[in-house]
Amino acid sequence: MPELPEVEVVRRGLEPRTVGRIVESVEILDARIIRRQAGGADRLRGALTGTRLTAVARRGKFLWWRLADEDGQDTGEALIGHLGMSGQLRLRDPAPIVALPVATPSEGPAPDPLRHRRLTLHLDDGAAIDLVDQRLFGGLWTSPLAPARDGALAGQGSPDSLLPASAAGIARDLLDPAADLSAIARTIRSRRAGIKSLLLAQDLVSGIGNIYADEALWAARIRFDTPGARLSQRKVLELLRAAREVMERALEVGGTSFDALYVNVEGRSGSNHTDVYARHGTLCSRCGATIVREKYMGRSSHFCPVCQQKR
DNA sequence: CGGGCCCTGGAT
DNA sequence: ATCCAGGGCCCG
């Protein structure tokens, strides 16, 4: 499931091969993927056809391209996307889609990595950007730009403070130099909700999903259901720095993958190391206790019952 | 602030 | 046949 590090890996893969290119056509293979586009498929086609991609930026888990018209003028809109939990943006060279080698009958049919291709942007150099998404939680749509409130760069890779409206309610993430960790920590401490639900609140701090929330809480030795207000400023800062470190480390190794659902633009998986996530039943690497999985907020929470005590 | 919804396909 | 995975968004 793509969270901040995985989306950043994708952004970095897209940057050198898509910035400067013109979209020649938009191929929609499954209309259900364009749910979030105002005006629907026609509007998406109209906004992109003949339009140049001038930058690719990211805030939290949102990714967007800046757009310019034939004269090089900003269109005032971005092409923004979110991968949901199973979305992939894949770059395809000029060659047509090549099927994988045919499997022998005993092996059954070979899995086709593009089986769930929903939408393709064809670029002027013959390359293509495929949006592949098994569960259709992801999407790609246009959104008008407006200045970010604090005037700082809108996100990683952004040339200025202009932020797509669709990401206006998304807080800065922990890899953003303009993120104010002390302010985030103060807000967390003003809430009585469980700390994990606060870590996952994208309007408070963005980019963290279920995997990195569990990993950060383990690193900071905090139980998922501890009320934000029960934690000291120092402890919350420790947690935020832990979350940042876990995500930085994941970024260095190309993202975290638990299945074939997260891949970079070339279709390759990242690492799959975690300390607690999906490790229930195995031993805590810090104290040797057995890692537990518990339902919280309708999601699985993985934690060490000894290191992460109730407060 | 919690719960339901959107979705599909692999596991049980 | 049913459960489960879950980010974002909408609802009450």
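Figured I'd write up the structure that's included with this text.

Quick notes on the rules
Residues numbered from 1 in each chain as written. Chains lettered and ligands numbered in written order. Predicted model: local features only at pLDDT ≥ 70, side-chain atom pairs only at ≥ 80, totals over all residues. Heavy atoms only, no water. 1 Å grid on protein atoms, 1.4 Å probe; cavity = no way out; pocket = protein on both sides within 12 Å on 5 of 7 lines; lining within 4 Å. Points joined across faces, edges and corners; volume = space filled by probe spheres on them. Helix = DSSP H or I, 4+ residues; strand = E, 2+ residues; numbered from the N terminus. Nonpolar A, V, L, I, M, F, W, Y, C, P; charged D, E, K, R; others polar. Phe/Tyr/Trp six-rings, centres within 6.5 Å; stacked < 30°, edge-to-face > 60°. Buried < 20%, exposed > 50% of the residue type's maximum accessible area, 1.4 Å probe, protein only. Lys NZ or Arg CZ within 6 Å of the ring centre and 35° of its normal.

Some words on the layout of surface pockets
Working step 1: By volume, the largest pocket amounts to about 710 Å³.
Working step 2: Elements supplying a minimum of two residues to the lining of the largest pocket: helix H5 (210-219) and strand S11 (299-303).
Working step 3: Among the elements that take part in the lining of the largest pocket, S11 stands out by supplying three residues, more than any other.
Working step 4: When the residues that make up the lining of the largest pocket are grouped by side-chain class, the tally is 11 nonpolar, nine polar and three charged.

A closer look at the packing of aromatic side chains
Each aromatic ring pair is summarised here by two numbers: the centre-to-centre distance and the angle between the ring planes.
Working step 1: Scanning the entire structure with this criterion turns up two aromatic pairs.
Working step 2: Both rings, one in phenylalanine 224 and one in tyrosine 296, keep their centres 5.1 Å apart while their planes meet at 55 degrees; by these two values the pair is tilted. Taken as a pair, phenylalanine 224 in the loop between H5 and helix H6 (233-252) and tyrosine 296 in strand S10 (residues 292-296) lie far apart in primary sequence, 72 residues in all. Pair check on accessibility: phenylalanine 224 and tyrosine 296 agree, each one buried.
Working step 3: Among the residues examined, phenylalanine 224 registers a relative accessible area of 4% and is labelled buried.
Working step 4: Through pairs of rings, three or more aromatic residues link up here, namely Phe224, Tyr296 and Phe303.
Working step 5: Above the ring of tryptophan 218, the side-chain terminus of arginine 286 is found at 3.9 Å from the ring centroid.

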